Amino acid sequence: MSSPPILKLALPVPLYRYFEYRLPAQPTFGDIRIGVRARVPFGNQTLVGIVVGKHRSPSLPPGKLKAVLEILDDEPVFDPVLQKVLFWTASYYQQPPGEVFSAALPGVLRKNRRITAATCTIYRACTDQAGGQVLHNAPKQHQVLELIQSHPGGLSSGEMNARMTHWRPAVRALIGKGLVEEIIREQTMARTPNTRAQPLILNQEQQHAYEQICRNMQEFGTYLLAGVTGSGKTEVYLALAKDVIHHGRQVLILVPEIGLTPQLVRRIETRLNVPVARMHSDLNAGERAQAWLQASTGKADIVVGTRSAVFLSFKNLGLIVVDEEHDLSFKQQDGLLYNARDVAIYRAKQLSVPVVLGSATPSLESQHNVHRSHYQRIVLSKRAKRAKIPQVKLIDLRSKPVTDGLSSELIQAIDAELMNRHQVLLFLNRRGYAPFLLCHECAWTAECSRCNAHMVFYKKQNILKCHHCLNQEQVPAACPQCNSENILFLGEGTQRIEDRLKEIFPNTAMARIDRDSTRGKNTLQDRLDDIRKGKYQIIIGTQMLTKGHDFPNVTLVGILNVDHGLLSSDFRATEHLAQLIVQVSGRAGRSLHKGKVLLQTHQPEHPLLNCLLTRGYREFSEEVLKQRESCGLPPYTFMLLIRARAHQQDLTYRFLQDVKSSMLCAGASGLNLFGPIPANLERKAGMYQSLVVAIASSRNARQKHWAELIQQHPLAKRVRWTIEVDPLETG
Ligand code: ADP
Ligand code: ZN
Ligand code: ZN
């Protein structure tokens, strides 16, 4: 008899390897499929891992291998294509494979548990005889029985609740008397009944886009749908989705943030009337588990999700859409470092299905890929409704009177729009009241004691907060350095702008949208709904407001201060700034009324800003691409960052210096290594942060598995280090 196979497992530990386990002789395990979960001993704990391979040639004598404790599934939790995607993710992004596999599972499956479909209870009458006689002493029961009898299909608890209060004791009694029965049923996915909206007729450009993609539904292709804001990209996704669903397949739509999912889900449900699942970080464990089940069993025709939804299991995925593909939030910033857009492209390729990247401001990477004929560009050049793309006008702030960040020209423009009962949107990427505290006598500034960063002043709570760690401090009554009471609160955050505007426009309803004002589940959603309903006339917000939101009555957008984007040291800063300006501007004039955008700046002559505003985003990006090429920067080269964090800066340097030397020894030919240098935020939450930047002329030159090498380094256990492939922020 041949010995049982050795199982290769991905375990959720921060190590860059797979693990081998043997199967115990007894009891027999039957045929174990790749992709099932197994519970195994690991050190002095037990872990749930994924079986990713089986073989008969262990690297250790089988006697030395530990035995699997339990196999948790009959059916794999990942289909073979998704397994391949996870292998690739771990390898391309140089991340611990077990953590990649684990991240692809809902929390429930990471533990020793299973997901069962959500059920609901249905109450159905066992008799159609009137109950008046039997129940003459129990009027409530009589009433309940009549209600249930009037619905021959039965009523769920929710439906009962909607029709009657305090019905439960009566139902219990009726069940006891054998007049009503209780049936447990699998919950069906909610659909929006009877609201099926009329499909829009695609305009010529949309139709062309739709046909071009539709023609090649059975094969892989990456389409860059470059459509100006409001050009109806979403309508193209919907038309394609309808087709895919018609052929019995599913659609995954990735969106950059949670705030966009309910809006899109509603739009899909009313239009296509199909079951849609949502997947994002605001869901609780049960909701995530159900979403996972709906996608993997094929119950959901469409899944709308943020970044991590790219790892969901599907029964039959036929199309992937990445909306706002340029958005930085597709790149995970901590924990697992991967780019969901790029994983989506790889997944589509393995599935031989199309992937559509939509954006009004495509990333330079994607445009470069169009130039190299890797992606196909499809353009939507006009807004779908009558509205025109608004022109951006600069307000030169130099030597003009500005109070609390608002120029008089902007205030007049706001006034004019309010008179017309239109909405005004003001963008400022800084929350809090004032970002600096400065002593007027000795120039002391309030710095966070744990970070290299200014403390932000919150006026209402009269407190200082650090936006990089959770640190909060009292506002000093006098300067801690010279005891002067002459302390200035400098600069503007969204709260200061709101206060100032309330003084100027006392009778105007205002909404502030930033991370401080939208904590709590659904708060953001409710606020956005209220804006759309016209409850607020002035909306002040940060980045959260820029993405995809459609506020039809906004006619004026004011961009208060983006100059720091022009001065930043990050080589991508101008690209991100241009995307921001175009996206924020795109919130203006989306409906019948003409829109207007005013941008306040101290740098009205900045060449790139002028290029963007006079010649448009596409020409701007061609300019920036030329610069990147001449400087040897991505997308013409390939980058990798190694970051180290420790309580002593010296330790981070020593570690990175050694890592750099060993990389050079290991034959990092074709790889230019820079650093170690301190990160932009040199110290965060008490830890020093430093980095080494590696730039390669080809992907292959970079792709050696450096993490394995770094892991073996003697100092690797004393610093916290990460490796980031294709970083989007290099600070
Ligand atoms: P995008 O996703 O490009 O920002 P949307 O798909 O949200 O644009 O469309 C913007 C607006 O134009 C929406 O209100 C949408 O209903 C409308 N719209 C899109 N396509 C059409 C069309 N073919 N006919 C009429 N209205 C359209
Ligand atoms: Zn002082
Ligand atoms: Zn801090």
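Everything that follows concerns the structure shown earlier in this document.
The text that follows walks through the structure, step by step, so that each part is easy to find. The structure presented is a predicted model; accordingly, all values stated were derived computationally and were not measured.

## With respect to the overall build of the chain
When you go through the chain residue by residue, the secondary structure sums to 22 helices and 32 strands. Once the C-alpha set of the chain is aligned to its principal axes, its extents read approximately 85 × 75 × 60 Å. Relative to its 731 residues, the chain shows a buried fraction of 55%. If you take every contact in the chain between residues at least 6 apart in sequence, the share linking residues at least 24 apart comes to 75%. Total accessible area computed for the chain in this model is approximately 33,400 Å², and 50% of it derives from carbon and sulfur atoms.

## As for the coordination of the zinc ion (ligand 2)
Of the protein atoms, only Cys439 (SG), Cys442 (SG), Cys479 (SG) and Cys482 (SG) coordinate the zinc ion (ligand 2), at distances of 2.2 to 2.4 Å. Geometry at the zinc ion (ligand 2) is tetrahedral, judged from the 4 donor atoms that bind it and their angles of 104 to 114° at the metal. Taken in chain order, the donor set of the zinc ion (ligand 2) reads C-x2-C-x36-C-x2-C. On the criterion of sequence distance, the pair formed by cysteine 442 in the loop between strand E20 (436–439) and strand E21 (456–458) and cysteine 482 in the loop between strand E23 (472–474) and strand E24 (487–490) is long-range, its members being 40 residues apart.

## Observations concerning the environment of valine 355
Positionally, valine 355 belongs in strand E14 (residues 354–359). Here the alpha-carbon distance between valine 355 and threonine 119, two residues 236 residues apart in the chain, equals 34 Å. If near-sequence neighbours (up to four positions away) are discounted, valine 355 is found in contact with Phe220, Gly221, Thr222, Tyr223, Ile320, Val322, Ile345 and Ala348.

## Here's the deal with the packing of helix H8 (residues 233–246) against helix H9 (residues 261–272)
With their axes 11 Å apart at the nearest point, H8 and H9 run at an angle of 55° to one another. Taken as axis vectors, H8 and H9 run oblique relative to one another. The handedness of the crossing between H8 and H9 comes out as right-handed. The residues of H9 that touch H8, namely those facing Thr234, Glu235, Leu238, Ala241, Lys242 and Ile245, are Leu264, Arg267, Ile268, Arg271 and Leu272. Looking at side-chain class alone, the contact of H8 with H9 contains 6 nonpolar, 1 polar and 4 charged residues.

## A closer look at the site of ligand 1
Near ligand 1 lie 17 residues; those nearest to it are Ile201, Gln206, Lys233, Thr234 and Arg267. The backbone of isoleucine 201 places a nitrogen or oxygen atom 2.8 Å from a nitrogen atom of ligand 1. If ligand 1 stood free it would expose 560 Å²; the protein chains cover 82% of that surface.

## Here we look at the pattern of salt bridges
Here the structure, examined in full by the defined rule, presents 30 salt bridges. For lysine 626, the salt bridge is made with glutamate 623, and the minimal N-O distance between the two is 3.4 Å. Of this pair, lysine 626 and glutamate 623 both sit in helix H19 (residues 617–631), 3 residues apart, which is roughly one turn of the helix. Taken together, the salt bridges that share partners define one network made up of Glu498, Lys502, Arg512 and Asp514.

## Points about the side chain of glutamine 495
Relative to the helices and strands, glutamine 495 is located in helix H14 (residues 494–504). Given a relative accessible area of 11%, glutamine 495 falls into the buried group. Ignoring any residue separated from it by four or fewer positions in sequence, one finds glutamine 495 in contact with Gly432, Tyr433, Tyr458, Lys459, Arg512 and Asp516.

## Observations regarding the packing of aromatic side chains
Here the structure, examined in full by the defined rule, presents 14 aromatic pairs. Aromatic side chains tyrosine 16 and tryptophan 721 sit 5.7 Å apart centroid to centroid with 20° between the ring planes, which places their arrangement in the stacked category. Taken as a pair, tyrosine 16 in the loop between strand E1 (6–10) and strand E2 (19–22) and tryptophan 721 in strand E32 (residues 720–725) lie far apart in primary sequence, 705 residues in all. The residues tyrosine 16 and tryptophan 721 share a single accessibility class, namely buried. The rings of Tyr18, Phe78, Phe87 and Phe101 are connected pair by pair, giving a single aromatic cluster. The ring of tyrosine 458 is capped by lysine 465, whose NZ or CZ atom sits 4.2 Å from the centre of that ring. Taking NZ or CZ as reference, arginine 683 lies 5.7 Å from the ring centre of tyrosine 688, over its face.

## Regarding the packing of helix H17 (residues 573–585) against helix H18 (residues 607–615)
Where H17 meets H18, the axes come as close as 11 Å, and the angle between the chain directions of the two elements is 35°. Crossing handedness for the pair H17 and H18: right-handed. In contact with Thr574, Ala578, Ile581 and Val582 of H17, H18 contributes Leu608, Leu609, Leu612 and Leu613. Split into classes, the residues belonging to the contact of H17 with H18 amount to 7 nonpolar, 1 polar and no charged.

Each value, and the rule that gives it
- Residues numbered from 1 in each chain as written.
- Chains lettered and ligands numbered in written order.
- Predicted model: local features only at pLDDT ≥ 70, side-chain atom pairs only at ≥ 80, totals over all residues.
- Heavy atoms only, no water.
- Helix = DSSP H or I, 4+ residues; strand = E, 2+ residues; numbered from the N terminus.
- Buried < 20%, exposed > 50% of the residue type's maximum accessible area, 1.4 Å probe, protein only.
- Contact = heavy atoms within 4.5 Å.
- Areas by Shrake-Rupley, 256 points an atom, 1.4 Å probe, with all protein chains shown as cover.
- Donors = N, O, S within 2.8 Å, 3.2 Å for Na, K, Ca; no water.
- Tetrahedral: all angles 85-135°; square planar, octahedral: opposite > 155°, others 65-115°.
- Axes fitted to C-alpha atoms, helices over the stretch in contact; angles between N-to-C directions.
- Parallel < 35°, antiparallel > 145°, perpendicular 65-115°, else oblique.
- Left-handed = near helix turned anticlockwise from the far one by under 90°.
- Nonpolar A, V, L, I, M, F, W, Y, C, P; charged D, E, K, R; others polar.
- Near = heavy atom within 4 Å.
- Polar contact = N/O pair within 3.5 Å; in protein donor to acceptor, adjacent residues only side chain to side chain.
- Salt bridge = Lys/Arg side-chain N within 4 Å of Asp/Glu carboxyl O.
- Phe/Tyr/Trp six-rings, centres within 6.5 Å; stacked < 30°, edge-to-face > 60°.
- Lys NZ or Arg CZ within 6 Å of the ring centre and 35° of its normal.

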